[in-house]
Amino acid sequence: MRKILLLFATLTVLYSCYYDNEEYLYPSLSQCDTTSITFTGSVYPVLQQYCYGCHSGGSPAGNVALTNYQTISSTAANGSLFGVINGSPGFPQMPPDAPLPACQKTIIIKWIKNGYPNN
Amino acid sequence: MRSHSLVLVIASLVLPISARAQDELLNELDQQTTPTVAYTYATFKSTRVVTLHSVENMQAKQLDFRISHRFGRINEGFPQFFGLDQSTIRLGLEYGLTDWLMAGIGRSSYEKTFDGFLKMKLLRQSSGSKNVPVTVSLLSSLTFNGMKDPIPGETYYFSNRLAYAFQMLVARKFTENFSLQLSPSFVHRNLVKTALDPNDLFSLGSGFRYKITKRISFNAEYYYVLQPFWNLKDFSNVNPFSIGFDIETGGHVFQLHLTNSLGMTEKAYLGQTTGHWKHGDIHFGFNISRVFSFKK
């Protein structure tokens, strides 16, 4: 009897072990607002979170500093920002460890396509 | 070995005395030098180092009633009275089923979490005829998020609410005053926020205790949570670090501490710590432990 109980308990635990995330389970939750994209409100925070680790400070990686509108817009203008986050041929994938999540990627690409305004 | 040579030395000294007396003396010595095991007690004062478990168990038929609080962040300043205006509480009842197995349940206001755990003592540090360098315990805990309607308008599955934690607690009391613990830990969360957040978290914890006086000790606890290789820059989760004092009064143990974590369960402490010490995101907190004995 005790063995059966133990087996039952083990099975319950194993059965209830899931690998879920809210983005996947509840797509409606992922509030990816791409209707009103601004540089300061949408793009800058993404770059700050994902790029600043390397691309800031005195000696930024690859000599690319993504710290202000001037430098960021110049990478948008020459197509390198789009190339690296989109993983286009001829560009290194950025961030190097994992691509940007879909929402953040969409925000930046839309901003570039809108003509990278400083708003 | 030493006791044997002692026997030899003493035996040679008493040789001139009559054989009968010698036998009696030897018998007496044998009785005195019967191998004994000296178990180490009180590696930690309480079943928690600061927030997470120490190797200590409740003894059989002893019930520990624990009240724990974590207040808001100290850097919220005077308007929030340095965090004391907000509090998170955990109430716990923890019972020693045997001397080596204890079970506990608790309820935290943080995410309305219910938790349950089993802690089993595998090895006891001892010296004497049985020499064991460390005390080893295993901990298995389960948390249940009891929030009502966590995502309004969506079906929230039962499994979403569960998280598991497994820890191996290895501790050694080096001197009367100094104890150190290492605790490799594994936490599984059925549901995480984003696809980048790992469901499985591995971490290595360390805790120590230094006894300052007979009743007061200084404790500290740090867990290094391994970031998954695909997510080198997980900005949300911070390694928990806590320091505190254990103060023992008559039947209570007070643990007063400063920590960067609001959570009081393994899942919250290891996976949902967001405060940075250097930014002053520090919470004042305390645990009060009161032990009731049901031994007859």
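Right above here is the structure, for reference.
Residues numbered from 1 in each chain as written. Chains lettered and ligands numbered in written order. Predicted model: local features only at pLDDT ≥ 70, side-chain atom pairs only at ≥ 80, totals over all residues. Heavy atoms only, no water.

Q: Please set out the pattern of salt bridges residue by residue, giving values where relevant.
A: Pairing of side chains with opposite charge becomes possible as their charged atoms draw close. Residue and element names in this part refer to chain B. Going through the model one piece at a time under the given rule, you end up with 10 salt bridges over all chains. Ionic pairing is found between Asp-115 and Arg-90, a salt bridge with its closest N-O pair at 2.9 Å. Separated by 25 residues along the polypeptide, Asp-115 in strand β5 (residues 113-123) and Arg-90 in strand β3 (residues 87-96) bring together distant segments of the chain. Neither residue differs from the other here; Asp-115 and Arg-90 are each classed as buried. A salt bridge links Lys-173 to Glu-176; its shortest N-O distance comes to 3.7 Å. Residue classification places Glu-176 among the exposed positions, given a relative accessible area of 53%. It is possible to trace a salt-bridge network through shared partners that takes in Arg-48, Arg-90, Glu-94 and Asp-115. (Salt bridge = Lys/Arg side-chain N within 4 Å of Asp/Glu carboxyl O. Helix = DSSP H or I, 4+ residues; strand = E, 2+ residues; numbered from the N terminus. Buried < 20%, exposed > 50% of the residue type's maximum accessible area, 1.4 Å probe, protein only.)

Q: An account of the side chain of Gln-255 of chain B is needed here, citing residue identities and associated values.
A: Residue and element names in this part refer to chain B. Following the sequence through the fold, Gln-255 ends up in strand β14 (residues 252-259). Separated by 3.1 Å, the side chains of Gln-255 and Arg-66 make a polar contact. Residue contacts for Gln-255: discarding those within four places in its chain leaves Ser-46, Arg-48, Val-49, Val-50, Arg-66, Asn-219, Phe-245, Asp-246, Gly-285, Phe-286 and Asn-287. (Polar contact = N/O pair within 3.5 Å; in protein donor to acceptor, adjacent residues only side chain to side chain. Contact = heavy atoms within 4.5 Å.)

Q: For the packing of aromatic side chains, give the residues involved together with the corresponding values.
A: Following the criterion strictly, the structure yields 23 aromatic pairs over all chains and no others. Seen in terms of ring centroids, Phe-186 of chain B and Phe-202 of chain B are 5.0 Å apart; in terms of plane orientation they differ by 40°. Their pairing is tilted. Of this pair, Phe-186 of chain B sits in strand β9 (residues 178-189) while Phe-202 of chain B sits in strand β11 (residues 200-211); the two residues are 16 residues apart in sequence, bridging distant segments of the chain. Plain terms: the ring middles of Phe-208 of chain B and Phe-218 of chain B are 5.9 Å apart, the flat faces sit at 65° to each other, and that makes the pair edge-to-face. Residue Phe-208 of chain B is located in strand β11, and its partner Phe-218 of chain B is located in strand β12 (residues 216-225); the two are separated by 10 residues in the primary sequence. Taken together through their ring pairs, the aromatic side chains of Phe-39, Tyr-44, Tyr-52, Tyr-69, Trp-111 and Tyr-116 of chain A make up a single cluster. For Arg-107 of chain B, the ring lying beneath its charged end belongs to Phe-114 of chain B, and the centroid distance is 5.2 Å. The aromatic ring of Phe-174 of chain B is capped on one face by Arg-172 of chain B, whose charged end is 5.2 Å from the ring centroid. (Phe/Tyr/Trp six-rings, centres within 6.5 Å; stacked < 30°, edge-to-face > 60°. Lys NZ or Arg CZ within 6 Å of the ring centre and 35° of its normal.)

Q: How would you summarise the sheet that holds β5 of chain B if you had to cite specific residues and measurements?
A: Residue and element names in this part refer to chain B. The strand order β2-β3-β4-β5-β7-β8-β9-β11-β12-β13-β14-β15 describes a closed barrel built from 12 strands, whose pairing is antiparallel. On average, adjacent strands in this sheet sit at an angle of 20° to one another, irrespective of strand direction. Relative to strand β15 (residues 283-293), strand β2 (residues 62-73) runs antiparallel, the two being bridged by 10 bridges. Paired with Arg-70 across the strands is Gly-285, a residue of β15. (Pairing = 2+ DSSP bridges. Axes fitted to C-alpha atoms, helices over the stretch in contact; angles between N-to-C directions.)

Note that all results are geometric; they support no functional claim without further evidence.
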